Amino acid sequence: ALSDTFFVRKNHLRTGVEVVGLNTLIWFYDRYIREGGTNPGFRIGFNSWSENLANGFEWDDNNFTTNQFAHPYHGSLYFNAARSNGYTFWESVPWTFGGSFLWEYFFEVHHPSMNDWIATSMGGVTLGEMLHRLSMTVRDNTATGTSRTWREVGGMFINPMAGLNRLIDGDWGRVHPNSPDRFPDNFRSRMDIGFRTVADERLWQTDTTRIYAEFEFEYGDMFFGDLETAFDYFDVDLQLNLSDVALIGRVDVNGLLGGMFLKETDPASHIVGGFTRFDYINNSKVEFGAQSLGAGFMSRFETGSGVEIRTELHTNVIILGANKSVYRSTSGRSYDYGPGASIGLSARIGRHVWDVLHVSHTQNWIHAVNGNDADHYLGESVVRLDLPIRFNLGLGIEYRLIQSERTYHLEALDDVSERIPELRLTTTWLLN
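Residues numbered from 1 in each chain as written. Predicted model: local features only at pLDDT ≥ 70, side-chain atom pairs only at ≥ 80, totals over all residues. Heavy atoms only, no water.

Participant: Whenever I open this one, the overall build of the protein chain confuses me. Can you help?
Facilitator: A count of helices and strands for the protein chain gives seven helices and 12 strands. Per-residue burial over the protein chain gives 50% buried out of 432 residues. Long-range contacts, defined here as pairs at least 24 residues apart, represent 66% of the contacts in the protein chain between residues at least 6 apart. Surface summary for the protein chain: the accessible area is close to 19,600 Å², and the carbon and sulfur share equals 63%. Across the protein chain, the 36 positively charged side chains and the 54 negatively charged ones have centroids separated by 6 Å. (Helix = DSSP H or I, 4+ residues; strand = E, 2+ residues; numbered from the N terminus. Buried < 20%, exposed > 50% of the residue type's maximum accessible area, 1.4 Å probe, protein only. Contact = heavy atoms within 4.5 Å. Areas by Shrake-Rupley, 256 points an atom, 1.4 Å probe, with all protein chains shown as cover. Lys, Arg positive; Asp, Glu negative; His and termini not counted. Charge placed at Lys NZ, Arg CZ, Asp CG, Glu CD.)

What follows is the structure, given as structure tokens:
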């Protein structure tokens, strides 16, 4: 698979300038504009640099959204500074880790933060390649006029660093061929708009009903050959919650790093692959985030009546996860940090372009090493039924159940169990 880098010669100097420039721009905002320039945490200099180098990594106390979403997005800018300057996926990874390392040691007074470095770097790589690929589908190098302008604006909104470099290189208006893999050969996209009712313990004990919108995108199809390079296949789930604690309520990205067929026949195919995963859930009931690496076993079955069944089994090592804690700790945060593991099972039954039935269960475990001394277990079960109405329009009903167990290892803290059921009623549009 090729990419925009097929047409771009590597520019080492500009990549370095942009990575350092990103840090400088954000530092300038934090130092002189944010809070009127009163925050002492950004009054950097030789003293802070030497102290940070001598102290090394520790843990910080920033809020959940900053640490689990803003920092990974920041990392995606490092990644795409390299990606849009001619580097491949794997060549862009060191720039992401390096840019975050520079920020932690040299652009704030606070001692370098281990959780920030991992979340920014690993999350930045996963989000970065996803945004790189999506922005390519929006831009069209052969377009002209108003259509071209809006496509470039849209591409820059998705991937600011690529948009900036296209401006510098004069590619916003230059008519030239598109990358051969501008679009994947296979993709699925869906948008839901509806209502979600969330409760405590039992669904009829309704807490609140809110409007939500969800966008799901499946880039590529492993069973039709999208296995050659990293992120030839990935899936994205973006959920927006109205009248909740945060507008961005969920972001899940699962990207294939590489895979191979174990068996391929007409009625059945089986694939094994390696994945990188980014998880972010933030609503009134749940705070959960994780950066993971893992393996998956995927199967596809066809019947004579045109019905397709797909199943997936994923096991992941959570390099660093964050989960809401009932008890405040000396960290000052409302959540605990630690490594862990997860396992996920899913099955979907589809006919033609519709997945009529989808069932899944994911079980996460995080062993807290910073915050409260605890083990966190978070399971999520989903059952969804879609009814096609006409062409690309349908109605959906979905039941979700999150069960959370927090086992605390201090006698003063009682263990906590939570059961959070959720019912969704949606209108669904297939976008492809």
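Having put the structure on the table, let's press on.
Participant: Explanation requested: the packing of helix α1 (residues 12–33) against helix α7 (residues 160–169) in the structure shown.
Facilitator: Two quantities define a packed helix pair, namely the angle between the helix axes and the distance between the axes. Closest axis-to-axis distance for the α1/α7 pair is 13 Å, and the angle between their directions is 130°. The angle between α1 and α7 falls in the class oblique. Every pair of crossing elements has a handedness; the one defined by α1 and α7 is right-handed. For the pair α1 and α7, the contacting residues are Arg-14, Glu-18 and Leu-22 in the first and Met-161, Leu-164, Asn-165, Ile-168 and Asp-169 in the second. Across the contact of α1 with α7, the residue classes tally to four nonpolar, one polar and three charged. (Axes fitted to C-alpha atoms, helices over the stretch in contact; angles between N-to-C directions. Parallel < 35°, antiparallel > 145°, perpendicular 65-115°, else oblique. Left-handed = near helix turned anticlockwise from the far one by under 90°. Nonpolar A, V, L, I, M, F, W, Y, C, P; charged D, E, K, R; others polar.)

Participant: Explain the packing of aromatic side chains here, please?
Facilitator: Two measures describe an aromatic ring pair: the distance that separates the ring centres and the angle between the ring planes. Per the counting criterion, the structure on display carries 28 aromatic pairs. Relative to Tyr-219, the ring of Phe-217 lies with its centre 6.4 Å away and its plane at 45°, an arrangement referred to as tilted. No difference in accessibility class separates Phe-217 from Tyr-219, as the two residues are buried. One residue, Arg-31, lies across the ring of Tyr-32, its end atom 4.7 Å from the ring centre. (Phe/Tyr/Trp six-rings, centres within 6.5 Å; stacked < 30°, edge-to-face > 60°. Lys NZ or Arg CZ within 6 Å of the ring centre and 35° of its normal.)

Participant: I'm lost on the packing of helix α3 (residues 64–83) against helix α4 (residues 89–106) in this one. Help?
Facilitator: Interhelical geometry of α3 versus α4 gives an angle of 135° and a closest axis separation of 8 Å. What the angle tells us is that α3 and α4 run oblique. Here α3 and α4 pass one another in a crossing that is right-handed. Contacts from His-74, Gly-75, Tyr-78, Phe-79, Ala-82 and Arg-83 of α3 reach α4 at Phe-89, Ser-92, Val-93, Trp-95, Thr-96, Gly-99, Ser-100 and Trp-103.

Participant: Is there a simple way to explain unusual backbone geometry in this structure?
Facilitator: Note: most peptide bonds trans; most residues except glycine with negative phi. One non-glycine residue, Glu-35, lies in positive phi territory at about 55°. In this structure, Glu-201 takes a positive phi of about 70° despite not being glycine. Structurally, Glu-201 is set in the loop between β1 (187–199) and β2 (206–219). Judged by relative accessible area, Glu-201 falls into the partly exposed class, the value being 38%.

Participant: Explanation requested: α4 in the structure shown.
Facilitator: For an α-helix the count is 3.6 residues per turn, leaving residues at separations of three or four pointing the same way. If you check α4, its first and last C-alpha atoms are 26 Å apart, about what 18 residues at 1.5 Å a residue would give, namely 26 Å. Within α4, burial applies to Phe-89, Ser-92, Val-93, Thr-96, Gly-99, Ser-100, Trp-103, Glu-104 and Tyr-105. Where the residues of α4 are buried, they touch α1, α2 (46–55), α3, α5 (114–138) and β4 (248–264). (Expected span 1.5 Å × (residues − 1).)

Participant: When you look at the environment of Arg-300 in this model, what are you seeing that I'm missing?
Facilitator: Of note, Arg-300 is situated in strand β6 (residues 287–302). Sequence separation between Arg-300 and Thr-265 is 35 residues; the distance between their C-alpha atoms is 9.9 Å. For Arg-300, the residues in contact, after removing those within four places along its chain, are Phe-223, Phe-224, Pro-267, Ala-268, Ser-269, Glu-308, Ile-309 and Arg-310. Only 2.6 Å separates the side chain of Arg-300 from the side chain of Glu-308, close enough to count as a polar contact. (Polar contact = N/O pair within 3.5 Å; in protein donor to acceptor, adjacent residues only side chain to side chain.)

Participant: Help me out: how do you make sense of a nonpolar patch on the surface in this one?
Facilitator: Taken together, the side chains of Ile-193, Phe-195, Ile-211, Leu-240, Leu-242, Leu-247, Trp-429 and Leu-431 present a nonpolar region at the surface, about 690 Å² in accessible area. Among the structural elements, Phe-195 can be located in strand β1. The exposure class assigned to Phe-195 is partly exposed, which follows from its relative accessible area of 47%. (Patch = residues over 30% accessible without salt bridge, like charges linked within 9 Å, V, L, I, M, F, W, Y side chains within 5 Å. Salt bridge = Lys/Arg side-chain N within 4 Å of Asp/Glu carboxyl O.)

Participant: When you look at the nonpolar core in this model, what are you seeing that I'm missing?
Facilitator: The nonpolar side chains of a soluble globular protein tend to be buried with one another. Ranked by internal contacts, the top residues of the largest apolar core, which has 25 residues, are Met-130, Phe-234 and Val-253. The leading source of residues in this core is α5, at seven residues. Phe-234 has contacts with Met-130, Arg-133, Leu-134, Phe-217, Glu-218, Tyr-219, Asn-254 and Gly-255, leaving out every residue within four places of it along the chain. (Core = buried A, V, L, I, M, F, W, Y, C linked by side-chain atoms within 4.5 Å.)

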